[in-house]
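# Inside the fold
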Amino acid sequence: MTQAHHPVAIVTGANRGTGLAIAAELHAAGWDVWGLNRTSADKPWLPEAPCDLESADAVTAAVETVAHRRGRIDALVVNAVARSLGRIGTLSLPDWRAAFDVNIVSVLPLLQAALPYLRSGRGSIVLMGSHAGSRYFEGGAAYCAGKAALKALAEVLLLEERPNGVRTTLINPGAIANEIGDDSPFKLSTSSVAQAVRWVVELQAV
């Protein structure tokens, strides 16, 4: 990536964990990265558009802020997630709704706001899925159902937007060592997931 060309990427949930690693990886590769976060990452290299993903108006406004200030959007990485865990018999309705509001409902206004810019630049969309979308576990009803729905959305989005030059990729990692101090050999590192995302968004459109 040459310094003369700075494509613009939006990463949701870029304030910590995998999202922050993705933002850092793209920034190091020369991308102009913007975080859409409810809580600030407070990183000098990461401009942010404050955004509560449970508000469709806030989502649209945040995307338009990036587009207005940079004039383009080349990649959208949908990473933010609400992990509402609980067994079906006791899972609260507010937790169930919160999981879907963040993990699925917010994705529609996000895509609708970004698509005109992604189409004009033949850009890329990355939806961060999970093995939980097809490998279900006890206590994971809200999380598993949300990730399964995201897979369906990705398949339809790919079909609809491919003729417009927009690429859609669903990345389904297994368990990720998101927490500080988590060095489990059975989990993916955030940096390895971030490298995969970078590889995907830097592929040339065909």
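Notes on the structure in this doc start here. (Residues numbered from 1 in each chain as written. Predicted model: local features only at pLDDT ≥ 70, side-chain atom pairs only at ≥ 80, totals over all residues. Heavy atoms only, no water.)

## As for the overall build of the protein chain
Summing up its helical and strand segments, the protein chain has 6 helices and 5 strands in all. Mapped from its N terminus to its C terminus, the protein chain presents α and β elements in the order β-α-β-α-β-α-α-β-α-β-α. The proportion of buried residues among the 206 residues of the protein chain is 46%. When contacts within the protein chain are restricted to residue pairs at least 6 apart in sequence, those whose partners lie at least 24 apart make up 65%. Carbon and sulfur atoms form 54% of the exposed surface of the protein chain, whose accessible area is close to 10500 Å². (Helix = DSSP H or I, 4+ residues; strand = E, 2+ residues; numbered from the N terminus. Buried < 20%, exposed > 50% of the residue type's maximum accessible area, 1.4 Å probe, protein only. Contact = heavy atoms within 4.5 Å. Areas by Shrake-Rupley, 256 points an atom, 1.4 Å probe, with all protein chains shown as cover.)

## Thoughts on the nonpolar core
One finds L36, V63, L76 and I125 to be the most contacted residues of the largest nonpolar core, which totals 32 residues. Looking at this core, the elements that each hand over two or more residues are β1 (8-12), β2 (32-36), α2 (56-70), β3 (75-78), α3 (93-105), α4 (107-120), β4 (124-128) and α5 (141-161). The element best represented in this core is α4, accounting for 7 residues. With sequence-adjacent residues up to four places away left out, V63 is seen in contact with I10, L36, I73, L110, A113 and A114. Judged by nonpolar contacts, the second largest core, of 23 residues, contains V33, A75, A194 and V201. (Core = buried A, V, L, I, M, F, W, Y, C linked by side-chain atoms within 4.5 Å.)

## Focus on the packing of α3 against α5
Two elements in contact, α3 and α5, have axes separated by 9 Å at closest approach and are oriented at 25°. Put simply, α3 runs roughly parallel to α5. Helix-helix and strand crossings are classified by hand; for α3 and α5 the assignment is right-handed. Across the interface between the two elements, W96, A99, F100, N103 and I104 of α3 pack against A141, A142, A145, G146, A149 and L150 of α5. For the contact of α3 with α5, the class distribution of residues is 9 nonpolar, 2 polar and no charged. (Axes fitted to C-alpha atoms, helices over the stretch in contact; angles between N-to-C directions. Parallel < 35°, antiparallel > 145°, perpendicular 65-115°, else oblique. Left-handed = near helix turned anticlockwise from the far one by under 90°. Nonpolar A, V, L, I, M, F, W, Y, C, P; charged D, E, K, R; others polar.)

## Some remarks on the environment of Y143
Within the element layout of this structure, Y143 appears in helix α5. The buried category is assigned to Y143, whose relative accessible area is 12%. Residues Y143 and S84 lie 59 residues apart in sequence; the distance between their C-alpha atoms is 6.3 Å.

## Let's talk about the side chain of D32
On the secondary structure map, D32 appears in strand β2. Residue classification places D32 among the buried positions, given a relative accessible area of 17%. Among the polar contacts made by the side chain of D32, one reaches the side chain of R70 at a distance of 2.4 Å. Setting aside anything within four residues of it in sequence, one finds D32 in contact with H6, P7, V8, A9, P47 and R70. (Polar contact = N/O pair within 3.5 Å; in protein donor to acceptor, adjacent residues only side chain to side chain.)

## Focus on the pairing of β3
Of the two faces of β3, both are covered, the one formed by A75 and V77 as well as the one formed by L76 and V78. Pairing analysis gives 3 bridges linking β1 to β3, with the strands arranged parallel. Across the sheet, residue A9 finds its bridge partner in β3, namely A75. Here β3 runs beside β4; their pairing, made up of 4 bridges, is parallel. Bridging across to β4, V78 finds its partner in L127. (Pairing = 2+ DSSP bridges.)

## Observations regarding helix α1 (residues 17-28)
Over its 12 residues, α1 runs 17 Å from end to end, which matches the ideal 16 Å to within 8%, given 1.5 Å per residue. Of all the residues in α1, the buried ones are T18, G19, L20, A21, I22, A23, E25 and L26. In this fold, the buried residues of α1 make contact with β1, β2, β3, β4 and α6 (190-201). Within two residues after α1, G30 carries a phi angle of roughly 100°, on the positive side. (Expected span 1.5 Å × (residues − 1).)

## A few points about the pattern of salt bridges
Evaluated as defined, the whole model comprises 9 salt bridges. We note a salt bridge from E25 to R198, for which the minimum N-O separation is 3.3 Å. Separated by 173 residues along the polypeptide, E25 in helix α1 and R198 in helix α6 bring together distant segments of the chain. One continuous salt-bridge network, built from bridges that share partners, spans E25, R198 and E202. (Salt bridge = Lys/Arg side-chain N within 4 Å of Asp/Glu carboxyl O.)

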